[in-house]
Amino acid sequence: MTVKAVMNQTPQTATHNEMANAIRALAMDAVQKANSGHPGMPMGMADVATVLFTKFMKFDPSMPTWPDRDRFILSAGHGSMLLYAILHLTGYEKMTPEQLKNFRQLHSITPGHPEVMPEAGIETTTGPLGQGISNAVGFALAERMLAARFGGDLVNHTTYVIASDGDLMEGISHESCSLAGHLGLGRLIVLYDDNSISIDGPTSLSFTDDTKKRFEAYGWETFDIDGHNPEQIAKAIAAAQVNKNKPSLICCKTKIGFGAPTKQGSSSSHGSPLGEEEIAGARKNLNWTAPPFDIPPHIMSAWREAGLHSQRDRKNWQARLDQSDAAKREAFDRALRGDVSKQTDAIIRSFKTKMKQEAPKIATRQASGKVLEALVPALPELIGGSADLTGSNLTLVKDMGKVTKDDYSGRYVYYGVREHGMAAIMNGMALHRGLIPYSGTFLTFTDYCRPSIRLSALMKQRVVYVMTHDSIGLGEDGPTHQPVEHLSALRAIPNMLVMRPADVVETAECWQIALEHTTGPSILVLTRQGLPLVRRESGEENKTKLGAYILAEAEGEHVATLWATGSEIEIALKARDLLQAEKIGTRVITAPCLELFNQQDEKYKKSLQEPGKIKVAIEAAIRWGWDKYIGPDGIFIGMKGFGESAPYQELYKHFGITAEDTVAAVKKRL
């Protein structure tokens, strides 16, 4: 039914129950039509959602991306029809009845789990449990940091979350919620769907935590309410809004599948359609007589009126922005646009010129630190951090200031040993807009944050991961800390730039690429050991944007091509010298980012992959993925298993990753 049609009806006041039942009905109908989905959670949390959106949420469907809107995160993404129903009912233009009828169908904007689309009211992609509530910490932190920079007249909103038992069982929720309490994120309010049901049956099978005490130990304010009592719901949310110094957890005791005659309170309503007979019984219990997907006019009118509640707030906000001084307005607009290419380009050009003159032999993690020293003062949007490895990752720049619960004006977040939470929080910060997050840990610990890294790529968010200690080159810490399969595993993620620079110049170029790449994440893979300058030529071109390029051409007849990345470029160049001394013409290709190379035109790619040449790849990691460039019969100089604990120079010899081993392999092939 269109808004116009609703407004032409005879006025009639809708009750809370009728408005909540509209959510329940749409959820039942859409799941049944799709013959797939999760009706139980939307039916159980409909009362909570109705109170939240009609009495508390600050939002304007006519301008979905209004910067100072409240954010709503459905962490329990399996209950996506709750979100889609509300967006339709409150008047988001993109969420049409046809979209609800196409729930879980190809090319709809109503997939099985919500996928980020701010212009339709969907703030983040959820479904993998624990991710949404952790993104929400990033949203709430971004709000406080931007408020510290621009003032409460422009930035003053709340992040609301609906989370499930499963969200709170996932380990990532412990990491992120602990940090939220530590940082006193009082504008974060989590509505916990405490329905005591999991897929396997009652949560008592596996989950008997005292959730309130757990969150109180984190430093949260907690509430216990009946999730079907609108007065209790409203009272708890209002109380949570008052406390600006602590995040709030509202434990909402609900019945999954509320209204279903035989499946209410049962796991059978969780993840499959209720069935026609059960839906008929639910309609009777809920006193809902409208046909599928039809909302009675007075109920639709009440919901659409709720969608108009914040228009005055939005217009007043716009007036305050318009009246801001020119410098503040420009800084605010630039932060939201997120385009730093102009500033970054000038900084990187100047930095590269200086480094070519100084020619330092330094680890690429140190090179990254030097690049940040140039970038951070000029780009206030850059927000750094580390998972308790600041001194190793070298992600902190002087005078950044640390973020604390008493002062959000700093630009550096001490995440503690919370790699997974760190990655998800950065996703939330990026999704919020206005900030460009980067943070670091050891490359081997990408295993701890991989699900969130994957979501960075899926959501096309600019998040920069600074991953140091990238190979057996870290030495004595041994195989637990020496990544061997990680480069291949990360390169396998679609829409991910994995960049492993060979020296300080390539490192600077990688940073430029990462900051200009606004449609996906980047991983900077950096060494512990020092590397010499290999990019000595004059010129300002960012060659790393090619993904791979010729660093040293063959002299005489071209016989062999050596591909390498990062620290192994030094080995490749030495091997070339030895081979050239024996009149074996050898080309060296540096390949800092294979994903960017894959994007080049066919002519360029073929120019580097000439047939009939001996092809070698040198990388202190496993072979997987390299056959695309060197062929299945190409020579690979690298790792075949896990590392060992020893000084890194000995390890390279032990595993046969040396110039001499490379020369021997080429000569044997000849």
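Quantities reported herein were computed from a predicted structural model and do not represent experimental measurements.

Visitor: Would you mind showing me how to read the sheet that holds strand β9 (residues 412–414) here?
Guide: Hydrogen bonds between backbone atoms are what pair the strands of a sheet, whose relative direction is either parallel or antiparallel. The strand order across the open sheet formed by six strands is β9-β8-β10-β11-β13-β12, and the pairing between neighbours is parallel. Looking at which strands have only one partner, the edges of the open sheet turn out to be β9 and β12 (497–499). Here the strands of the sheet are splayed against their neighbours by 20° on average, with no regard to which way each runs. Together, β8 (382–386), β10 (436–442) and β11 (464–468) form the strand contacts of helix α18 (residues 419–432), whose direction differs from that of β10 by roughly 165°.

Visitor: How do you make sense of the sheet that holds strand β3 (residues 188–194) when you look at a structure like this?
Guide: Taken together, the five strands give an open sheet; going across it, the order is β1-β2-β3-β7-β6, and neighbouring strands pair in parallel fashion. The open sheet has two free edges, formed respectively by β1 (71–74) and β6 (221–226), since each of these has just one partner strand. Averaged over neighbouring strand pairs, the angle between their axes works out to 20° when direction is ignored. Pairing analysis gives four bridges linking β1 to strand β2 (residues 159–164), with the strands arranged parallel. Its bridge partner being in β2, L74 is matched across the sheet by I162. Along the sheet, helix α9 (residues 211–218) contacts β3, β6 and β7 (248–253); its crossing angle with β6, the most-contacted strand, is approximately 155°.

Visitor: Any chance you could explain the pattern of salt bridges here in plain terms?
Guide: Per the counting criterion, the structure on display carries 34 salt bridges. Of the charged contacts in the structure, one is a salt bridge between R500 and D470, with a shortest N-O distance of 2.8 Å. With R500 in the loop between β12 and α21 (504–516) and D470 in the loop between β11 and α20 (486–491), the pair connects residues that are 30 residues apart, well separated along the chain. Of the two residues, R500 and D470, both sit in the buried class. The closest approach of N and O atoms between D577 and R576, which form a salt bridge, is 3.7 Å. The network of salt bridges with common partners includes K352, K356, E509, R535 and E537.

Visitor: How do you make sense of the packing of aromatic side chains when you look at a structure like this?
Guide: The relation between two aromatic rings is expressed through the spacing of the ring centres and the mutual angle of the planes. Within the structure shown, the criterion is met by 20 aromatic pairs. Here the aromatic rings of F215 and W220 are separated by 4.9 Å at their centres, their planes lie at 85°, and the arrangement is edge-to-face. Pair check on accessibility: F215 and W220 agree, each one buried. Ring centres of W563 and F597 lie 5.6 Å apart, and the angle between their planes is 70°; on these two criteria the pair is classed as edge-to-face. With W563 in strand β15 (residues 558–564) and F597 in helix α23 (residues 594–598), the pair connects residues that are 34 residues apart, well separated along the chain. Its relative accessible area of 0% is what places F597 among the buried residues. Taken together, W563, F597, Y604, W626 and Y629 form an aromatic cluster joined through their ring pairs.

Visitor: I would appreciate a short explanation of the packing of helix α8 (residues 171–182) against α18 in the present structure.
Guide: Two packed helices can be described by the angle between their axes and the distance between those axes. Where α8 meets α18, the closest approach of the two axes is 8 Å, and the angle between their N-to-C directions is 70°. As the angle between them shows, α8 and α18 are arranged roughly perpendicular. For the element pair α8 and α18, the recorded crossing hand is right-handed. For the pair formed by α8 and α18, the contact residues are I172, E175, S176 and L179 on the first element and E419, H420, G421, A424 and I425 on the second. By residue class, the composition of the contact of α8 with α18 is four nonpolar, three polar and two charged.

Visitor: Help me understand the layout of surface pockets in this model?
Guide: One way to see where empty space is left: roll a probe the size of a water molecule over the atoms. Each pocket or cavity is described by its volume, and for the largest pocket that value is around 390 Å³. If you trace the largest pocket, you find 17 residues lining it, with E570, I571, Y648, Y652 and I657 closest to the centre. Elements supplying a minimum of two residues to the lining of the largest pocket: α22 (568–581), α26 (648–654) and α27 (659–669). Per-class residue counts for the lining of the largest pocket are six nonpolar, five polar and six charged. As a volume, the second largest pocket reaches approximately 280 Å³. As for the second largest pocket, its lining consists of 20 residues, and the residues nearest its centre are L129, G166, S198, I199 and H270. No other element matches helix α7 (residues 165–169), which puts three residues into the lining of the second largest pocket.

Visitor: Can you help me understand empty space enclosed by the protein in this one?
Guide: What the rule picks out here adds up to four cavities of 30 Å³ or more. Its volume calculated, the largest cavity comes out at about 80 Å³. Looking at the largest cavity, it is lined by 13 residues, and the ones nearest its centre are M57, D70, Y92, G121 and E123. Broken down by secondary-structure element, the contributors of at least two residues to the lining of the largest cavity are β1 and α4 (80–90). Split into classes, the residues belonging to the lining of the largest cavity amount to eight nonpolar, one polar and four charged. Residue lining of the second largest cavity: P67, D68, L146, L154, V155, H157, F332, L336 and H432, and that is the complete set. Split into classes, the residues belonging to the lining of the second largest cavity amount to six nonpolar, two polar and one charged.

Visitor: Where do I start with the confidence of the model for the chain in this structure?
Guide: Should the pLDDT be low somewhere, the predicted coordinates at that spot are not to be read in detail. Per-residue confidence for the chain gives a mean pLDDT of 97, with 98% of residues at or over 70. In the predicted structure, residues 1–10 sits below a pLDDT of 50 and forms 13 contacts with residues beyond four places in sequence or in another chain.

Visitor: Whenever I open this one, the side chain of S108 confuses me. Can you help?
Guide: Relative to the helices and strands, S108 resides in the loop between α5 (97–101) and α6 (131–150). We classify S108 as buried; its relative accessible area is 16%. A distance of 3.3 Å separates a polar side-chain atom of S108 from the backbone oxygen of N102. In terms of polar contacts, S108 uses its side chain to reach the backbone carbonyl oxygen of Q105, at 3.0 Å. In contact with S108, not counting residues within four places along its chain, are Q99 and N102.

Parameters at a glance
Residues numbered from 1 in each chain as written. Predicted model: local features only at pLDDT ≥ 70, side-chain atom pairs only at ≥ 80, totals over all residues. Heavy atoms only, no water. Pairing = 2+ DSSP bridges. Helix = DSSP H or I, 4+ residues; strand = E, 2+ residues; numbered from the N terminus. Axes fitted to C-alpha atoms, helices over the stretch in contact; angles between N-to-C directions. Contact = heavy atoms within 4.5 Å. Salt bridge = Lys/Arg side-chain N within 4 Å of Asp/Glu carboxyl O. Buried < 20%, exposed > 50% of the residue type's maximum accessible area, 1.4 Å probe, protein only. Phe/Tyr/Trp six-rings, centres within 6.5 Å; stacked < 30°, edge-to-face > 60°. Parallel < 35°, antiparallel > 145°, perpendicular 65-115°, else oblique. Left-handed = near helix turned anticlockwise from the far one by under 90°. Nonpolar A, V, L, I, M, F, W, Y, C, P; charged D, E, K, R; others polar. 1 Å grid on protein atoms, 1.4 Å probe; cavity = no way out; pocket = protein on both sides within 12 Å on 5 of 7 lines; lining within 4 Å. Points joined across faces, edges and corners; volume = space filled by probe spheres on them. pLDDT = per-residue confidence, 0-100. Polar contact = N/O pair within 3.5 Å; in protein donor to acceptor, adjacent residues only side chain to side chain.

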